[in-house]
Amino acid sequence: MSDTAALPKDFTFRLDATDGAARTGAIKMPRGTIRTPAFMPVGTAATVKAMYPGQVRDLGADVVLGNTYHLMLRPGPERMARLGGLHHFMNWPHPILTDSGGFQVMSLSALRKLDEQGVTFRSHVDGSTHHMSPERSIEIQGLLGSDIQMQLDECVRLPADHATIERAMHLSLRWAERCRVAFGEQPGKAMFGIVQGGDVPALRVDSARALTDLDLKGYAIGGLAVGEPQAVMLAMIETVEPYLPAQKPRYLMGVGTPDDLLCSVARGIDMFDCVMPTRAGRHGLAYTRHGRINLRNARHAEDTRPLDEASACPAARDYSRAYLHHLVRSDEILGMMLLTWNNLSYYQDLMAGMRCAIAERRLADFSEKTRAAWARAEAERAAP
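Bear in mind the structure is a predicted one, so any value in this text is a computation, not a measurement. (Residues numbered from 1 in each chain as written. Predicted model: local features only at pLDDT ≥ 70, side-chain atom pairs only at ≥ 80, totals over all residues. Heavy atoms only, no water.)

**So, the pairing of strand β16 (residues 291–294)**
Pairing analysis gives 4 bridges linking strand β15 (residues 285–288) to β16, with the strands arranged antiparallel. Counted as the bridge partner of T288 is G291 from β16. Counted along the chain from β15 to the antiparallel partner β16, the turn is 2 residues long. (Pairing = 2+ DSSP bridges. Helix = DSSP H or I, 4+ residues; strand = E, 2+ residues; numbered from the N terminus.)

In structure tokens, the structure reads:
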């Protein structure tokens, strides 16, 4: 029987092992299986920047993320549907999760107006006006053909006052109910709700409880990594986790650094996305077993070592730091491609390592050794 034939017709989540609050398992749906904990490379505009889709898959990615707001502007959802949907359009036949446009409510605050009915955006591309209601957000994600669709929400940058956080949280809950109705029943697909509440524990708990009552197929924690210290983010995860159903996947949106991933997996998170590894790669920063390496630094100009001689990724193993330094300082496209390739490889290897460690109930030891390797390399670089 082929792998495709073995896949279910509906969306399912299975827990295979736990280690403390950490979990490993699998999300299964008609387009494929997502091994959890999972890191989703960000393909905002139907591309993971500087990467071929086959490369992304070969690194171990089971799912990528697309952005509803950006794809709404271009090429447009109706055109995307006429062209066969996002999977066909970008040559990625595997699962795709789409953000709802809620993050742009925060990041493009100067270009939008918000009310009970939804958000009106002024396009950053050509100034045209687009209205996105909860219902339209779900309609767009459906036209794209997304496998996991997110509710429209209001994301608030922290720090913020209590009244602003509370208003946004309740608005997001009302929008979640409207999104659930608009989504209806779509076999093989899922809609996730998004817990909001800023850095206020009581509001986070209220949001999680209300969303759980909607009996959705998965739950995300949003509105974090938006200006608050890591300690606050982790405290909010610990606050919310007991109120999320154990038998459904948990997604921490927009996070984060390798250390954020270690800390959050230990607290029960199953899914992540972040632009950090791809954005860093385009700006000369490599993530490795040896910590972060800034290839713009002149110290690498004559360093013949690769980024990581033990890596299975050619970008990490087969090119010298001196060459990568040259490419970065010369603004060569190949430098961006190689460092993005390296960074996504490291992130996927980190997730695979955590999945194995959880299955063997040794996540704490894995995390300790990973951090020790980062610290050791950082101390060596700092030495005169």
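**Remarks on the sheet that holds strand β2 (residues 22–29)**
Taken in spatial order, the 3 strands line up as β1-β2-β3 in an open sheet, and their pairing is antiparallel. Of all the strands in the sheet, the pair left with one neighbour each is β1 (12–19) and β3 (32–36). The mean inter-strand angle of the sheet, taken between neighbouring strand axes irrespective of direction, is 10 degrees. In terms of strand pairing, β1 meets β2 through 7 bridges, oriented antiparallel. If you follow F13 over to β2, its bridge partner there is I27. (Axes fitted to C-alpha atoms, helices over the stretch in contact; angles between N-to-C directions.)

**A short note on the sheet that holds strand β7 (residues 112–115)**
Each strand in a sheet pairs with another by means of backbone hydrogen bonds, the pair being arranged parallel or else antiparallel. Read from one edge of the open sheet, 3 strands run β7-β8-β9, paired in antiparallel fashion. Each of the sheet's edge strands pairs with one partner strand only, and the pair in question is β7 and β9 (129–132). Averaged over neighbouring strand pairs, the angle between their axes works out to 15 degrees when direction is ignored. Inspection of the sheet shows strand β8 (residues 118–122) paired to β9 by 4 bridges, in the antiparallel sense. Each bridged residue has a counterpart across the sheet, and for T120 the counterpart in β9 is H131. Contacts from helix α7 (residues 134–144) reach β8 and β9 within the one sheet, and its direction differs from that of β9 by about 100 degrees. (Contact = heavy atoms within 4.5 Å.)

**Some thoughts on the packing of aromatic side chains**
Evaluation of the coordinates by the stated rule reveals 5 aromatic pairs. Between F11 and F192 the ring centres are 6.2 Å apart and the planes differ by 85 degrees, which places this aromatic pair in the edge-to-face class. Taken together, the residues F11 in the loop between α1 (3–6) and β1 and F192 in strand β11 (residues 190–195) connect sequence positions 181 residues apart. Across this residue pair, the class does not change: F11 and F192 are buried. Aromatic pair Y69 and F121: ring centres 4.9 Å apart, planes at 55 degrees, arrangement tilted. (Phe/Tyr/Trp six-rings, centres within 6.5 Å; stacked < 30°, edge-to-face > 60°. Buried < 20%, exposed > 50% of the residue type's maximum accessible area, 1.4 Å probe, protein only.)

**Overview of the packing of helix α11 (residues 258–265) against helix α15 (residues 333–359)**
α15 packs onto α11 with a crossing angle of 20 degrees between their chain directions and a minimal axis gap of 11 Å. Comparing their axes, α15 and α11 come out roughly parallel. The chirality of how α11 crosses α15 is right-handed. Across the interface between the two elements, P258, L261, L262 and V265 of α11 pack against Y346, Y347, L350, M351, M354 and I358 of α15. By residue class, the composition of the contact of α11 with α15 is 10 nonpolar, no polar and no charged. (Parallel < 35°, antiparallel > 145°, perpendicular 65-115°, else oblique. Left-handed = near helix turned anticlockwise from the far one by under 90°. Nonpolar A, V, L, I, M, F, W, Y, C, P; charged D, E, K, R; others polar.)

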